[in-house]
Amino acid sequence: MAEVKLNGVYKVTVTEYERGWGQRVDDNDTKYFTTREEAEKYAAHWEEGGTPDYYWRARIERVN
């Protein structure tokens, strides 16, 4: 069995917020990147737009 090493990988988790429904994380929107720059670009895409009633926030974390 091959082992996968995740050193230096960045995980971006996207959380959807909707007034009246709360929040949820969609695993289909969670992505992994090899550079911080790529992760920040993907996160910025999710955080633009939205309304006070419906919006997204992205969290970047380094996977060791």
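The structure under discussion appears in the preceding block.
Bear in mind the structure is a predicted one, so any value in this text is a computation, not a measurement.

A.B. asks: Quick rundown of the pattern of salt bridges? Include the residues and the values.
C.D. replies: Scanning the entire structure with this criterion turns up four salt bridges. Between arginine 19 and aspartate 53 there is a salt bridge, with its nearest N and O atoms 2.8 Å apart. One end of the pair, arginine 19, is in the loop between β1 (9–18) and β2 (22–25); the other, aspartate 53, is in the loop between α1 (36–47) and β4 (54–63), with 34 residues separating them in the sequence. Overall, aspartate 53 belongs to the partly exposed group, its relative accessible area being 39%. Notably, a salt bridge pairs glutamate 40 with arginine 36, separated by 3.1 Å at the nearest N-O pair. Taken as a pair, glutamate 40 and arginine 36 lie in helix α1 at a separation of four residues, close to a single helical turn. Look at glutamate 40 and you get partly exposed, because its relative accessible area is 40%.

A.B. asks: Got a sec to walk through the side chain of glutamate 16? Specific residues and values, please.
C.D. replies: In this structure, glutamate 16 sits in strand β1. A relative accessible area of 12% means that glutamate 16 is categorised as buried. Within the structure, glutamate 16 has its side chain in polar contact with the side chain of tyrosine 54 (distance 2.6 Å). Contact partners of glutamate 16, with chain neighbours within four places excluded, come to Gly22, Gln23, Arg24, Tyr54, Tyr55 and Trp56.

A.B. asks: Quick rundown of the packing of aromatic side chains? Include the residues and the values.
C.D. replies: For the structure shown, the criterion picks out five aromatic pairs. Measuring from ring centre to ring centre gives 5.4 Å for phenylalanine 33 and tyrosine 42, while their planes differ by 45°; the resulting arrangement is tilted. When sorted by exposure, phenylalanine 33 lands in the same class as tyrosine 42, which is buried. Centre to centre, the rings of tyrosine 54 and tryptophan 56 are 4.9 Å apart; their planes meet at 75°, and the pair counts as edge-to-face. Assessed through its relative accessible area of 31%, tyrosine 54 is described here as partly exposed.

Rules used throughout
Residues numbered from 1 in each chain as written. Predicted model: local features only at pLDDT ≥ 70, side-chain atom pairs only at ≥ 80, totals over all residues. Heavy atoms only, no water. Salt bridge = Lys/Arg side-chain N within 4 Å of Asp/Glu carboxyl O. Helix = DSSP H or I, 4+ residues; strand = E, 2+ residues; numbered from the N terminus. Buried < 20%, exposed > 50% of the residue type's maximum accessible area, 1.4 Å probe, protein only. Polar contact = N/O pair within 3.5 Å; in protein donor to acceptor, adjacent residues only side chain to side chain. Contact = heavy atoms within 4.5 Å. Phe/Tyr/Trp six-rings, centres within 6.5 Å; stacked < 30°, edge-to-face > 60°.

These figures come from the coordinates and say nothing about function on their own.
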